[in-house]
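Results of the structural survey
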Amino acid sequence: GHVDAAGTRYLAALEAARNAGDPARLAKACEMLGILEARRLNVDSAKRYLMEAGEHYLSYGNLVCATGMTNSNIAFAHMMAGQHEQAVAPLQTAIAFYEGMQQPYHLALNQANLAEVMMNLNEIEQAERLAQRALAHEEAVVRPLCLYVLGEARRRQQKFEDAERFCKDAIDSASVNSDAW
């Protein structure tokens, strides 16, 4: 019920933004519809809305959202649907963008997500490196996911004591952050 109600409200917001010709409101409405469609696992629809959001952001010079957030959100849509290979390129684009902008928060988020994707693709060493890079930014929000990735890497390497320690640290970190993850 809540998802459907949100969709109805976002569609109304999109229509109002189109009528007003407001690119900022158009961008945000499209972005929210794209994220909602990603959560519904409708990847094609999500990507259409997200790409449109990116175009609107670009139209008024918001490069952070046009490039960084759009690619992050497209990757999210693929990740939600279990399409890990398709999430790699947009995450790499977002990482390169945020490195150039020197934005450690968004850089860490995308590195953590790419670490998870790489783990799901069984690229364990690359997943570990990305998790370590994300942790180096000292952004509390990425700690649980990064520690989980490191724990999963150790589990797959049959280093069970290390795996347990990383996973306990991930849970502790998530509870400190009030992260329902």
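I will try to describe carefully the structure that is included in this document. This structure is a prediction, so every number in the text was calculated from the model and none was measured. (Residues numbered from 1 in each chain as written. Predicted model: local features only at pLDDT ≥ 70, side-chain atom pairs only at ≥ 80, totals over all residues. Heavy atoms only, no water.)

Before going further, it helps to examine helix α4 (residues 63-80). When the terminal C-alpha atoms of α4 are compared, their 25 Å separation across 18 residues agrees well with the 26 Å that a helix rising 1.5 Å per residue should span. Of all the bends in α4, the greatest measures close to 30° and is centred on methionine 69. Listed as buried for α4 are Cys65, Ala66, Gly68, Thr70, Asn71, Ser72, Asn73, Ile74, Ala75, Ala77, His78 and Met79. Of the surrounding secondary structure, the elements contacted by the buried residues of α4 are α2 (23-39), α3 (43-59), α5 (84-101) and α6 (104-120). Between the side-chain oxygen of the N-cap and the backbone nitrogen of valine 64 there are 3.4 Å, and the N-cap of α4 in question is asparagine 62. Looking one or two residues beyond α4, the residue adopting positive phi is glycine 82, at roughly 75°. (Helix = DSSP H or I, 4+ residues; strand = E, 2+ residues; numbered from the N terminus. Expected span 1.5 Å × (residues − 1). Bend = angle between axes of the 7 residues up to and from the residue. Buried < 20%, exposed > 50% of the residue type's maximum accessible area, 1.4 Å probe, protein only. Contact = heavy atoms within 4.5 Å. Polar contact = N/O pair within 3.5 Å; in protein donor to acceptor, adjacent residues only side chain to side chain.)

Before going further, it helps to examine the state of the cysteines. If you walk through the whole model with that rule in mind, you get zero disulfides. Summary of cysteine pairing: cysteine 30 is not part of a disulfide, and the nearest cysteine sulfur, belonging to cysteine 65, is at 13 Å. On the accessibility criterion, cysteine 30 (0% relative accessible area) is buried. Unpaired in terms of disulfides, cysteine 167 finds its nearest cysteine sulfur in cysteine 146, a separation of 13 Å. Looking at cysteine 167, the relative accessible area reads 27%, which means it is partly exposed. (Disulfide = S-S within 2.5 Å.)

Attention now goes to the nonpolar core. Within soluble globular proteins, side chains that are nonpolar generally end up buried alongside one another. Leu91, Leu114, Val117, Cys146 and Val149 are the most contacted members of the largest nonpolar core, which totals 32 residues. Elements supplying a minimum of two residues to this core: α4, α5, α6, α7 (124-136), α8 (143-156) and α9 (160-176). The element best represented in this core is α6, accounting for eight residues. The residues contacting leucine 114, other than those within four sequence positions of it, are Val88, Leu91, Gln92, Ile95 and Leu130. Among the nonpolar cores identified, the runner-up in size contains twelve residues, and Leu14, Ala17, Ala27 and Leu33 belong to it. (Core = buried A, V, L, I, M, F, W, Y, C linked by side-chain atoms within 4.5 Å.)

For glutamine 83, the location among the structural elements is in the loop between α4 and α5. Distance from glutamine 83 to glutamine 157, taken between C-alpha atoms, is 24 Å for residues 74 residues apart in sequence. In this structure glutamine 83 touches Val43 and His78, once residues within four positions along its chain are discounted. Within the structure, glutamine 83 has its side chain in polar contact with the side chain of histidine 78 (distance 2.7 Å).

It is worth spelling out the layout of surface pockets at this point. Size it by volume and the largest pocket reaches roughly 700 Å³. Around the largest pocket, the lining is made up of 21 residues, and of these Phe76, Leu109, Asn113, Val141 and Leu145 lie nearest the centre. Contributing elements (two or more residues each) for the lining of the largest pocket: α2, α4 and α6. For the lining of the largest pocket, the element with the highest residue contribution is α6, accounting for seven residues. (1 Å grid on protein atoms, 1.4 Å probe; cavity = no way out; pocket = protein on both sides within 12 Å on 5 of 7 lines; lining within 4 Å. Points joined across faces, edges and corners; volume = space filled by probe spheres on them.)

Moving on: the packing of aromatic side chains. Tallied over the entire structure, the rule returns two aromatic pairs. Seen in terms of ring centroids, phenylalanine 97 and tyrosine 98 are 5.4 Å apart; in terms of plane orientation they differ by 70°. Their pairing is edge-to-face. The exposure class assigned to phenylalanine 97 is buried, which follows from its relative accessible area of 15%. The positively charged end of arginine 165 is found above the aromatic ring belonging to phenylalanine 166, 4.6 Å away from the centroid. (Phe/Tyr/Trp six-rings, centres within 6.5 Å; stacked < 30°, edge-to-face > 60°. Lys NZ or Arg CZ within 6 Å of the ring centre and 35° of its normal.)

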